[in-house]
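Letter by letter, the chains look like this.
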Amino acid sequence: MGQKSTRVTRKDIAREAGVSETIVSYVMNNNRYVDKEKKKRVLEAVSRLGYRPNPIARALKGKKLNHIIFITDQITEHFSLLLGELEKNAYDLGYIISLCESRNTPQFVSDIISRCYDGVIVSSISFSIEYIRQLIDADIPVVLLVNRDYHEIHGAAKIDTGLYEGAVKSVRYLSGAGCRNIIYIDRYSRSGHFSTMNDLRYRGFVEEMKRLGLSDAPEENVVTGCCSREEVALQTGRCLASRPVDAILGRNDELACIAMQAAQRLGYRIPEEIRVIGFDNSSLSQFCTPPITTMEIQRSAVAKAAVEMLQSMIESRAVPPSAAFSTRLIERESTGGSP
């Protein structure tokens, strides 16, 4: 039998750092001035020993923070708007909520756990499954906005925001308009985080293209692997120059706009020759020329459900049933809709 692991305590940290337990407490709670050198030794000891505060003990001491953290891949307009909806619902229940771009590192997860947030909402493609498990194992209530396959995660509440369904409906709409050569514009990333079948938007595109008989290998209809907006525009232009294309589906409105402008620079008329659909219904989709048809997520309903789920988990420590919401297509001029 393996040796049972022992939880690291503040006494262990104090011994390792050569300071008193009181100094360790001051550093961990960040509520007293501590000499810089002593603070450094404590933090180094915390890192070496893998110390994690016990959130249950903290709650028993009445130290609830009433603070929720919302983790995303990028701080874009969509997530800012979603944060606004989350904040309205959270504030009514006595919580404040902070938006934080994922660092996707062990230190980032350690910081979240050590600061004892009351709950975490995650909407991220790149945030590691293992890190999510660590949050759950630390007894932190977690709500996942399902933008990828989370079937292997247990102990977290889940909300299907309709991304797979939205991608399917987009392909079906373009097909119904007579489009047969549809390309998908994937996310750009400097960290190499690109879409796979695990990503529900990407999966919806690939599977619906196959179901409709539009492509035997839809993966070849994807512009991906780009590290910047400029590279997305360049690769889209190359794609348009090398093959017939009559429709573009962007993973979000920004990518749809970048691809549409690349097509326009090559002389293509929108929507007469190429139709364009985005995702998220951001302000950018409304003010492009022409305005972009987009798939809208029910932000208000999703935010309300996420906060209510988190509140339920904070109070009962039980995981509520999953929730699901549909997306809505907003037609604009980029597909021949009304202005």
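Our subject is the structure that appears above.
Calculation rules
- Residues numbered from 1 in each chain as written.
- Predicted model: local features only at pLDDT ≥ 70, side-chain atom pairs only at ≥ 80, totals over all residues.
- Heavy atoms only, no water.
- Pairing = 2+ DSSP bridges.
- Helix = DSSP H or I, 4+ residues; strand = E, 2+ residues; numbered from the N terminus.
- Contact = heavy atoms within 4.5 Å.
- Axes fitted to C-alpha atoms, helices over the stretch in contact; angles between N-to-C directions.
- Phe/Tyr/Trp six-rings, centres within 6.5 Å; stacked < 30°, edge-to-face > 60°.
- Buried < 20%, exposed > 50% of the residue type's maximum accessible area, 1.4 Å probe, protein only.
- Lys NZ or Arg CZ within 6 Å of the ring centre and 35° of its normal.
- Right-handed = clockwise from strand over helix to strand, strands pointing away.
- Parallel < 35°, antiparallel > 145°, perpendicular 65-115°, else oblique.
- Left-handed = near helix turned anticlockwise from the far one by under 90°.
- Nonpolar A, V, L, I, M, F, W, Y, C, P; charged D, E, K, R; others polar.
- 1 Å grid on protein atoms, 1.4 Å probe; cavity = no way out; pocket = protein on both sides within 12 Å on 5 of 7 lines; lining within 4 Å.
- Points joined across faces, edges and corners; volume = space filled by probe spheres on them.
- Salt bridge = Lys/Arg side-chain N within 4 Å of Asp/Glu carboxyl O.

Colleague: Any chance you could explain the sheet that holds strand β12 (residues 328-330) here in plain terms?
Modeller: One open sheet holds the 6 strands; their spatial order is β7-β6-β8-β9-β10-β12, and the pairing between them is mixed. Edge positions in the sheet fall to β7 (222-223) and β12, since each of these pairs with one other strand and no more. As paired elements, strand β6 (residues 182-185) and β7 share 2 bridges and run parallel to each other. Each bridged residue has a counterpart across the sheet, and for Tyr 184 the counterpart in β7 is Val 222. This element, helix α8 (residues 163-176), spans β6, β8 (247-250), β9 (275-279), β10 (293-296) and β12 of the sheet and lies at about 170° to β9. Packing against the sheet, helix α11 (residues 253-265) makes contact with β6, β8, β9 and β10, and its axis sits at approximately 155° to β9.

Colleague: What is the right way to read the packing of aromatic side chains from this model?
Modeller: We describe a pair of aromatic rings using the distance from one ring centre to the other and the angle between the two ring planes. Counted under the stated rule, the structure contains 5 aromatic pairs. With centroids separated by 6.2 Å and ring planes inclined at 70°, the aromatic side chains of Phe 70 and Phe 79 adopt a geometry described as edge-to-face. A residue is classified by how much of its surface remains accessible, and Phe 79, at 12% relative accessible area, is buried. One cation-aromatic arrangement involves Arg 201 over Phe 279; the distance from NZ or CZ to the ring centre is 4.9 Å.

Colleague: How should the pairing of strand β3 (residues 119-123) be read in this particular structure?
Modeller: Successive side chains on a regular strand alternate, one facing one side of the sheet and the next facing the other. Counting buried positions along β3 yields 5 of 5 residues, so the element is predominantly enclosed. Neither face of β3 is exposed, since Gly 119, Ile 121 and Ser 123 on one face and Val 120 and Val 122 on the opposite face are all buried. Looking at chain direction, strand β1 (residues 67-72) and β3 are connected through 5 bridges and run parallel. The partner of Ile 71 across the bridge, within β3, is Val 122. Pairing analysis gives 3 bridges linking β3 to strand β4 (residues 142-146), with the strands arranged parallel. By the bridge assignment for β4, Val 122 is matched with Leu 144. The parallel pair β3 and β4 is bridged by helix α7 (residues 129-137), and the resulting crossover is right-handed.

Colleague: Would you mind going over the packing of helix α6 (residues 106-114) against α7 with me for this structure?
Modeller: Relative placement of two packed helices is described by the angle separating their axes and the distance separating the axes. Here α6 crosses α7 at 20°, and the two axes come no closer than 10 Å. In terms of their interaxial angle, α6 and α7 are classed as roughly parallel. Along this stretch, α6 crosses α7, giving a crossing that reads as right-handed. On α7, the residues touching Pro 106, Val 109, Ile 112 and Ile 113 of α6 are Tyr 131, Gln 134 and Leu 135. For the contact of α6 with α7, the class distribution of residues is 6 nonpolar, 1 polar and no charged.

Colleague: Sorry if this is basic, but what is going on with unusual backbone geometry here?
Modeller: Pro 271 follows Ile 270 through a cis peptide bond whose omega is 10°. Mapped onto the secondary structure, Pro 271 falls in the loop between α11 and β9. The omega torsion of the bond from Thr 289 to Pro 290 falls at -5°, within 30 degrees of zero and hence cis. By the element assignment, Pro 290 lies in the loop between α12 (283-287) and β10. One non-glycine residue with positive phi stands out, namely Asp 139, at about 65°. Structurally, Asp 139 is set in the loop between α7 and β4.

Colleague: Got a minute to help me understand the sheet that holds β4 in this structure?
Modeller: Paired through backbone hydrogen bonds, the strands of a sheet run either parallel or antiparallel to each other. Reading across the sheet, the 6 strands line up as β2-β1-β3-β4-β5-β11 and stay open at both edges, with parallel pairing between neighbours. The outermost strands of the open sheet, each flanked by one partner alone, are β2 (96-101) and β11 (323-324). Relative to β4, helix α13 (residues 299-316) is tilted by about 155°, and along the sheet it contacts β1, β3, β4, β5 (157-160) and β11.

Colleague: How do you make sense of the layout of surface pockets when you look at a structure like this?
Modeller: Any empty space left between the atoms is revealed when a probe the size of a water molecule rolls over them. Here the second largest pocket defines a volume of roughly 550 Å³. Forming the walls of the second largest pocket are 30 residues, and the residues nearest its centre are Thr 76, His 78, Phe 79, Asn 252 and Asp 280. Among the secondary structure elements, those contributing two or more residues to the lining of the second largest pocket are α5 (77-92), α11 and α13.

Colleague: I'm lost on the environment of Ile 129 in this one. Help?
Modeller: Position of Ile 129 among the secondary structure elements: in helix α7. For Ile 129, a relative accessible area of 15% gives the class buried. Taking the C-alpha atoms as reference, Ile 129 lies 24 Å from Arg 299; in sequence the two are 170 residues apart. With residues near it in sequence (within four places) discarded, Ile 129 still touches Arg 148, Tyr 150, Glu 152 and Ile 153.

Colleague: Would you mind going over the pattern of salt bridges with me for this structure?
Modeller: Side-chain pairs of opposite charge can arise where the charged atoms are in close proximity. Following the criterion strictly, the structure yields 18 salt bridges and no others. A salt bridge links Asp 280 to Arg 201; its shortest N-O distance comes to 3.6 Å. Of this pair, Asp 280 sits in the loop between β9 and α12 while Arg 201 sits in helix α9 (residues 200-211), and the two are 79 residues apart along the sequence. This pair shows no difference in class: Asp 280 is buried, exactly as Arg 201 is. Note that Glu 308 and Lys 304 form a salt bridge whose closest N and O atoms lie 2.6 Å from each other.

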